[in-house]
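Structural features, examined
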Amino acid sequence: MSVTVFIQGRNGATRWQPGKRWLLLPALLIAAGTGLYQYNAEQFQQQQQSVDNQRVTNEEQKHELIELKDATESQLAMLVTHVAKMQAKLTRLEALGEQVAKNANLDDQFDFSSEVGVGGFSELGSRIELDQLIQDMDKLVSRIENGNAQLSLLETVTTNLHIDNERYISGRPIEKGWLSSHYGLRNDPFNGQRTMHKGIDFAGKEGTNVIATAGGVVTWSGKMFGYGELIEIDHGNGLRTRYGHNKSLSVAVGDVVGKGDTIAKMGSTGRSTGPHVHYEVLRGGQQIDPKKYVYRKAG
């Protein structure tokens, strides 16, 4: 197929027949336009998909934020409720401390009263003032610390008052048994030499109760060279008692014991020839003859 083109000039029309390359130009232009359109269409689709993805992500993040906000408000509301309950319990404990101090005639020396923190219950969904909640918690911690200090001191004072009535040393350190060795010089049961025996021995059946001869505070509970398992009690005013060679111990260092309380079980630990209690009374750190305390009348 050939195409003839006539070109009008001064001297008349001239015939021009284009080559095959010129015939391909429209097809190339159409193909280029189609390709450009497809490229732009793909770019638009990609941009639209990106926008849609971003919209979905924003919706998911919004939903997560809403859930987080609801959960945080719920937890804060629970925390406010817990703080309010703690405040109520602490108020009751403070009232109890005041009553104990009053019963011991010490109410003028102890003050458990303090400003009650601003607590309260919050409805879920309502706004919770976090700063106010933190302030309430700080006040609660201060009240607890103050109450603990006051109660600890009150316990010490009332205990000492109790000890004043019971620290009068008298009687035997056993419930059942007999005196087997006096205070003073004697023949040592292991080597036969004359030695100083700085206490009184009470023999009996293994496992017999060993009792405190006066109220006081336990200052030693454990092994001591020569004594075996030993209990030492401080009764104040420079007086202490010791109970040696026990099979087992029933009290620990720091325990407050009353007169007649069981503190150990009779045994034969340490430097001993049989079940007995080695009983000592110390004044100013020095052993003295316990006899006058053993046979004195109860105070």
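Read on for a plain summary of the structure. (Residues numbered from 1 in each chain as written. Predicted model: local features only at pLDDT ≥ 70, side-chain atom pairs only at ≥ 80, totals over all residues. Heavy atoms only, no water.)

1. Some points on the nonpolar core
Filter applied, for reference: To form a nonpolar core, buried Ala, Val, Leu, Ile, Met, Phe, Trp, Tyr and Cys residues must be joined to one another through side-chain atoms within 4.5 Å. We call a residue buried when its accessible area falls under 20% of the maximum for its residue type, exposed when it is over 50%, and partly exposed in between, using a 1.4 Å probe and counting protein chains only. Put simply, DSSP marks the helices as runs of H or I at least four residues long and the strands as runs of E at least two long, and each gets a number from the N terminus on.
In this structure, Val210, Ile231, Ile233, Tyr243, Val257, Ile263 and Tyr279 are the most contacted members of the largest nonpolar core, which totals 23 residues. Broken down by secondary-structure element, the contributors of at least two residues to this core are β6 (200-203), β9 (228-236), β10 (239-246), β13 (262-265), β14 (276-283) and α3 (291-294). If you tally residues by element for this core, the top one is β14, at 3 residues. The next biggest cluster of nonpolar side chains, apart from the first, holds 6 residues, and it includes Leu76, Val80, Val83 and Leu90.

2. Quick look at the pairing of strand β8 (residues 216-224)
Rules: Between any two strands, pairing holds if DSSP finds at least two bridges.
Relative to strand β12 (residues 256-257), β8 runs antiparallel, the two being bridged by 2 bridges. Note on β12: the bridge partner recorded for Gly216 is Val257. Bridging between β8 and β9 involves 7 bridges; their strand directions are antiparallel. By the bridge assignment for β9, Lys223 is matched with Glu229. In textbook terms, the turn of a hairpin is the stretch between consecutive antiparallel strands, and for β8 and β9 this stretch comprises 3 residues, one of which, Gly226, has a positive phi near 85°.

3. Considerations on the pairing of β14
Within β14, 7 of the 8 residues are buried, which leaves it mostly tucked inside the rest of the structure. For β6 and β14, the ladder comprises 4 bridges, and the chain directions are antiparallel. Opposite Asp201, over in β14, you have His278 as the bridge partner. Strand direction decides the pairing type here: β10 and β14, joined by 6 bridges, are antiparallel. Across the sheet, the residue bridging to Arg242 is Glu280, located in β14. Joining the antiparallel neighbours β14 and strand β15 (residues 286-288) is a turn of 2 residues, in which Gly284 adopts a positive phi near 65°.

4. A look at the pattern of salt bridges
We count it as follows: Salt bridge criterion: a side-chain nitrogen from Lys or Arg within 4 Å of a carboxyl oxygen from Asp or Glu.
This structure, assessed with the given rule, holds 6 salt bridges. We note a salt bridge from Arg240 to Glu232, for which the minimum N-O separation is 3.0 Å. Relative accessible area serves as the criterion here: at 22%, Arg240 is assigned to the partly exposed category. Between Glu232 and Arg242 there is a salt bridge, with its nearest N and O atoms 2.7 Å apart. Of the two residues, Glu232 is situated in strand β9 and Arg242 in strand β10; the sequence distance between them amounts to 10 residues.

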